[in-house]
2 protein chains.
Amino acid sequence: MKKTLMAAGLTATLAGAPAVAQTVDVFPSGHTPTITGNGQNFSGHVAIDLLTPSSVQTPSSSGLVTFAPGARTAWHTHPAGQMLIVTAGTGWVRQEGQDRRVIKPGDVVWIPAGVKHWHGATESNGMSHFAITYIQDGKNADWLELVTDEDYRAQ
Amino acid sequence: MKKTLMAAGLTATLAGAPAVAQTVDVFPSGHTPTITGNGQNFSGHVAIDLLTPSSVQTPSSSGLVTFAPGARTAWHTHPAGQMLIVTAGTGWVRQEGQDRRVIKPGDVVWIPAGVKHWHGATESNGMSHFAITYIQDGKNADWLELVTDEDYRAQ
């Protein structure tokens, strides 16, 4: 039983009740199957690799997100903000009411809490970014309407 | 004056008092000079590139940290935990009382709050990782003693 709990990342307390182990974890690439972005929150093909398993409690949800050409998030806001670290390709980010901006590898995007925006690949090229999405009261995003083709192409 | 405030990333309110602008920011690589890790908290040569300027308030302090061969942090803990994303080279991470572990590109390390540990390059190879260090009550780390050569080499 103790072994099972330990294998599950838990330890037994003296009283026998399981408690979350406070141990440093190393998660290799591929520890969790890739998730495909759902059609309510994304347009086009979007692949999401979680950086830590969902069973591990962290102050942000974090993933590597890969957008096929033309793919993008829906419009959305974050209750505690989001940081993007672009790792590959060429993409676009747009804040409502502002010009679309090109993002490339090495760029870091800071999206403050409550700012309506979308991000994704350009029409011709894919794009990957790490997304560090800070959690507030158990929530990391408020999803809104999909980005229409017209809005996506508007410069 | 308005232009100066806007250039500084601030906007003027109707009353004329400056307020932090809620805008999406894109920070290109090299926006801030590289910092060299100080000798109280690091052994050997450590270069830190902040992902966002220190003037921007985010729920974590985030940087790309590059350790020369043999370089490492001091022993330390984090009040709200830390996530490392290894991007290059080969490194070691060690939790007090546990075996040293090898980390390589693609590995993600989760260090829970309050766990005493160190991380750095191996003796023969450099290592780079993104470090997402969550802030609690204005603090992101409690620094302890330097890692002795003996402790560093112990497997």
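Reading guide: rules and limits
Residues numbered from 1 in each chain as written. Chains lettered and ligands numbered in written order. Predicted model: local features only at pLDDT ≥ 70, side-chain atom pairs only at ≥ 80, totals over all residues. Heavy atoms only, no water. Pairing = 2+ DSSP bridges. Helix = DSSP H or I, 4+ residues; strand = E, 2+ residues; numbered from the N terminus. Least-squares fit on C-alpha atoms with pLDDT ≥ 70 in both. Contact = heavy atoms within 4.5 Å. Buried area = accessible area lost by both parts, 1.4 Å probe. Polar contact = N/O pair within 3.5 Å; in protein donor to acceptor, adjacent residues only side chain to side chain. Nonpolar A, V, L, I, M, F, W, Y, C, P; charged D, E, K, R; others polar. UniProt positions renumbered as here; feature names shortened; annotations may be inferred.

Engineer: Can you help me understand the sheet that holds strand β10 (residues 82-89) of chain B in this one?
Structural biologist: In a beta sheet, neighbouring strands pair by backbone hydrogen bonds and run either parallel or antiparallel. Taken together, the seven strands give an open sheet; going across it, the order is β3(A)-β13(B)-β10(B)-β15(B)-β7(B)-β6(B)-β4(B), and neighbouring strands pair in antiparallel fashion. At either margin of the open sheet sits one strand with a lone partner, and together these are β3 (25-27) of chain A together with β4 (35-36) of chain B. Alignment of β3 of chain A against strand β13 (residues 108-111) of chain B, held across three bridges, turns out to be antiparallel. Across the sheet, the residue bridging to Phe27 of chain A is Val108 of chain B, located in β13 of chain B.

Engineer: Would you explain the relation of the copies chain B and chain A in this entry?
Structural biologist: The operation relating the two chain copies consists of a rotation about an axis and a shift along that axis. When chain B is fitted onto chain A, the two copies agree to an RMSD of 0.0 Å after a turn of 180° and an axial shift of 0.0 Å. Between the two chains, the operation in question is that of a two-fold axis. Mapped onto chain A, 100% of the interface residues of chain B again fall at the interface, so both copies present the same surface.

Engineer: Honestly, the interface of chain B and chain A in this entry has me stumped. Any pointers?
Structural biologist: Across the boundary between the two partners, chain B contributes 37 residues, which contact 37 residues of chain A. Approximately 3000 Å² of surface area, both sides summed, lies buried where chain B meets chain A, with 67% of it carried by carbon and sulfur atoms. When the buried area of chain B at its contact with chain A is split by residue, Val24, Val26 and Trp110 of chain B rank highest and sum to 23% of it. One can count twelve residue pairs in polar contact (both at pLDDT 80 or more) joining chain B with chain A. The leading source of residues in the side of chain B that touches chain A is β13 of chain B, at four residues. Considering only residue class, the side of chain B that touches chain A consists of 22 nonpolar, twelve polar and three charged.

Engineer: What exactly am I supposed to notice about the UniProt feature "domain: Cupin type-2" (unreviewed entry) in chain A here?
Structural biologist: Summarizing the sequence annotation, UniProt attributes the feature "domain: Cupin type-2" (unreviewed entry) to residues 64-125 of chain A in the numbering used throughout. Helix makes up 0% of residues 64-125 of chain A and strand 53%, whereas the separation of the span's terminal C-alpha atoms amounts to 17 Å.

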